[in-house]
Amino acid sequence: MSEITFRIYRFEAGKDTSPRYDEYKLALEEGDTLLKCLNNIRGTQDGTLAYRMSCGSAICGSCAMRANGHALLACKTQAAGLVKNGVIQLDPLGNFPVIRDLVVDLEPFWGSLRKVSPWLQPNLADEPERERLQTPTQFQLIDDVTTCILCASCWSDCNVLEVDKKFLGPATLAKAHRFIFDTRDAKGQERMERITEPNGVWDCTHCGECSTRCPTETKPLARIEETREAVMKAGITNSPGARHALGFRESMRWFGALNENYLPIRSVGFFNIPGILGIMPVGLRMMLKRKAPPMLPHWIDKVGEVKRIFKRFHELRKSAGGTGTKTDGDD
Ligand code: SF4
Ligand code: SF4
Ligand code: FES
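All of these numbers come straight from a predicted model, not from anything done at the bench. (Residues numbered from 1 in each chain as written. Chains lettered and ligands numbered in written order. Predicted model: local features only at pLDDT ≥ 70, side-chain atom pairs only at ≥ 80, totals over all residues. Heavy atoms only, no water.)

Colleague: Quick rundown of the domain arrangement of the protein? Include the residues and the values.
Modeller: Here the protein is described as being made up of domain 1 (3–103), domain 2 (107–233), domain 3 (240–249 + 258–297) and domain 4 (301–331). Centre-to-centre, using C-alpha coordinates, domain 2 lies 30 Å away from domain 3. (Domains from an automatic or database assignment.)

Rendered as structure tokens:
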């Protein structure tokens, strides 16, 4: 295969004032992984190039970096598929401070994980005579998420983390799911309450980047959705995110469409006066710009059909073993 150019981010914290890109030419051979190319460049062209690697087999998670703007594992990705106009651009993972070149400071990631106590906490009063067993069905609940290799690719490309460094982040929420759904763990309620606090499970915007970039079956967004369902079923609904979800459904059920006057107030809470005062400036600005929705509620023409769909859903959910409560379905 012909020679291509690797355009690689270079920076050394504490020494350089701004980053630069260095270019290296390399002839690709069929099947070369990105990691093999980097090893080749470091071994034959520039021994100062810094990046992390260990297993070379997509197990340790240390070789995550950005190629052409997106996070991936260098050891799992063939270089040929990344070439654009003869170039592959490599950058360090996003949303982290850079230590040197492609090596980032992962402390924000580890710090976030520590907040959800990522270890099994069984009921210690119940002393088993042997290991705590699970059935295959019970294990299936956590099967996907146990494949997480803590590579931080999801963290790198999470859009919420770009603007809110306090967000727990996709891998942490996936890890919380792993223990909430583990039948051997006794702290499920506590864990759910922890992640429904501000900056937790309700702050994800569903962009899906984490699942797209995840090199394993963890797929954080799917785990976040399952966790949200679990917290609603557990009745943990006293948070803006949960109220927003409930308000969205109420709005659809009553009006057949989104009522944009009702939803913000329902989300902050009807009796939350400081919260309501806090969103009023936004409403006023919308009114001044003539973007505010009409004050009188609007019902779609066939709202009866929407109500029937909700009713049918509720019946099906109940017959499938749901609780049939308002949180679970509809009335
Ligand atoms: S889906 Fe949510 S957690 Fe995943 S990257 Fe987007 S905002 Fe972040
Ligand atoms: S969830 Fe996926 S992308 Fe995120 S740390 Fe785990 S394996 Fe990596
Ligand atoms: S070197 Fe271990 S995952 Fe790539």
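Colleague: Any details on the layout of surface pockets? Residues and values, ideally.
Modeller: Quantified by volume, the second largest pocket comes out at close to 420 Å³. At the level of secondary structure, the elements contributing two or more residues to the lining of the second largest pocket comprise α11 (262–268) and α12 (273–288). Counting residues per element, the lining of the second largest pocket draws most heavily on α12, which supplies eight residues. Looking at the lining of the second largest pocket residue by residue, the classes come out as twelve nonpolar, two polar and one charged. (1 Å grid on protein atoms, 1.4 Å probe; cavity = no way out; pocket = protein on both sides within 12 Å on 5 of 7 lines; lining within 4 Å. Points joined across faces, edges and corners; volume = space filled by probe spheres on them. Helix = DSSP H or I, 4+ residues; strand = E, 2+ residues; numbered from the N terminus. Nonpolar A, V, L, I, M, F, W, Y, C, P; charged D, E, K, R; others polar.)

Colleague: Account for the pairing of strand β5 (residues 87–91), naming residues and giving values.
Modeller: As paired strands, strand β1 (residues 3–10) and β5 are joined by four bridges and run parallel to one another. By the bridge assignment for β5, I8 is matched with L90. Bridging between strand β3 (residues 64–67) and β5 involves two bridges; their strand directions are antiparallel. Directly across from R66, in β5, lies its bridge partner D91. (Pairing = 2+ DSSP bridges.)

Colleague: Which residues make up unusual backbone geometry, and what values do they have?
Modeller: Glycine aside, the phi torsion of most residues is negative, and most peptide linkages are trans. Despite not being glycine, A58 has its phi angle at roughly 60°, a positive value. You can see A58 is positioned in the loop between α1 (34–44) and β3. Residue classification places A58 among the partly exposed positions, given a relative accessible area of 25%. Here the phi dihedral of A152 falls at roughly 75°; this positive angle occurs in a residue that is not glycine. Here A152 is to be found in the loop between α3 (136–143) and α4 (153–156). Relative accessible area serves as the criterion here: at 2%, A152 is assigned to the buried category. (Buried < 20%, exposed > 50% of the residue type's maximum accessible area, 1.4 Å probe, protein only.)

Colleague: Could you give me a rundown of the packing of aromatic side chains, with the residues and numbers involved?
Modeller: One pair of aromatic rings is described through two measures. These are the centre distance and the angle between the planes. The tally for this structure, following the rule as stated, stands at seven aromatic pairs. With a centroid separation of 5.9 Å and 85° between ring planes, the pair formed by Y9 and Y21 is classed as edge-to-face. With Y9 in strand β1 and Y21 in strand β2 (residues 20–27), the pair connects residues that are twelve residues apart, well separated along the chain. Judged by its relative accessible area of 31%, Y21 falls in the partly exposed class. Feature note: the residues F96, F109, W110 and W155 constitute an aromatic cluster, connected by ring pairs. The ring of Y21 carries R7 above its face, with NZ or CZ at 4.2 Å from the centroid. (Phe/Tyr/Trp six-rings, centres within 6.5 Å; stacked < 30°, edge-to-face > 60°. Lys NZ or Arg CZ within 6 Å of the ring centre and 35° of its normal.)

Colleague: How would you summarise the side chain of S112 if you had to cite specific residues and measurements?
Modeller: Positionally, S112 belongs in helix α2 (residues 107–114). Assessed through its relative accessible area of 4%, S112 is described here as buried. In contact with S112, other than residues within four places in its own chain, are W155, L168 and T172. (Contact = heavy atoms within 4.5 Å.)

Colleague: Mind laying out the packing of α2 against helix α6 (residues 170–180), listing which residues take part and the relevant values?
Modeller: Remark: α2 packs on α6, axes separated minimally by 9 Å, with the N-to-C direction vectors making an angle of 25°. Relative to α6, the element α2 is oriented roughly parallel. Judged by the sense of rotation from one axis to the other, the crossing of α2 with α6 is right-handed. Residues F109, S112 and L113 of α2 form the contact with α6, whose participating residues are A171, T172 and K175. Broken down by class, the residue content of the contact of α2 with α6 amounts to three nonpolar, two polar and one charged. (Axes fitted to C-alpha atoms, helices over the stretch in contact; angles between N-to-C directions. Parallel < 35°, antiparallel > 145°, perpendicular 65-115°, else oblique. Left-handed = near helix turned anticlockwise from the far one by under 90°.)

Colleague: Outline the site of ligand 2, supporting the account with residue identities and numerical values.
Modeller: Neighbouring residues of ligand 2: 13 residues in total, closest C148, C151, A152, C154 and C214. A per-class count over the shell around ligand 2 returns ten nonpolar, three polar and no charged. (Near = heavy atom within 4 Å.)

Colleague: Mind laying out the nonpolar core, listing which residues take part and the relevant values?
Modeller: Within the largest apolar cluster, 69 residues are counted, with the highest numbers of intra-cluster contacts made by F6, I8, L34 and L90. Taken domain by domain, this core gets at least three of its residues from each of domain 1 (3–103) and domain 2 (107–233). Those residues in contact with F6 that sit more than four places away from it in its chain are D22, E23, Y24, L26, L28, L34, C37, I41, I88 and L90. (Core = buried A, V, L, I, M, F, W, Y, C linked by side-chain atoms within 4.5 Å.)

Colleague: Which residues make up the environment of V160, and what are the values?
Modeller: When you line up the elements, V160 lands in helix α5 (residues 159–163). Using a relative accessible area of 10% as the deciding quantity, one classes V160 as buried. The spatial distance from the C-alpha of V160 to the C-alpha of C63 is 23 Å, given a sequence separation of 97 residues.

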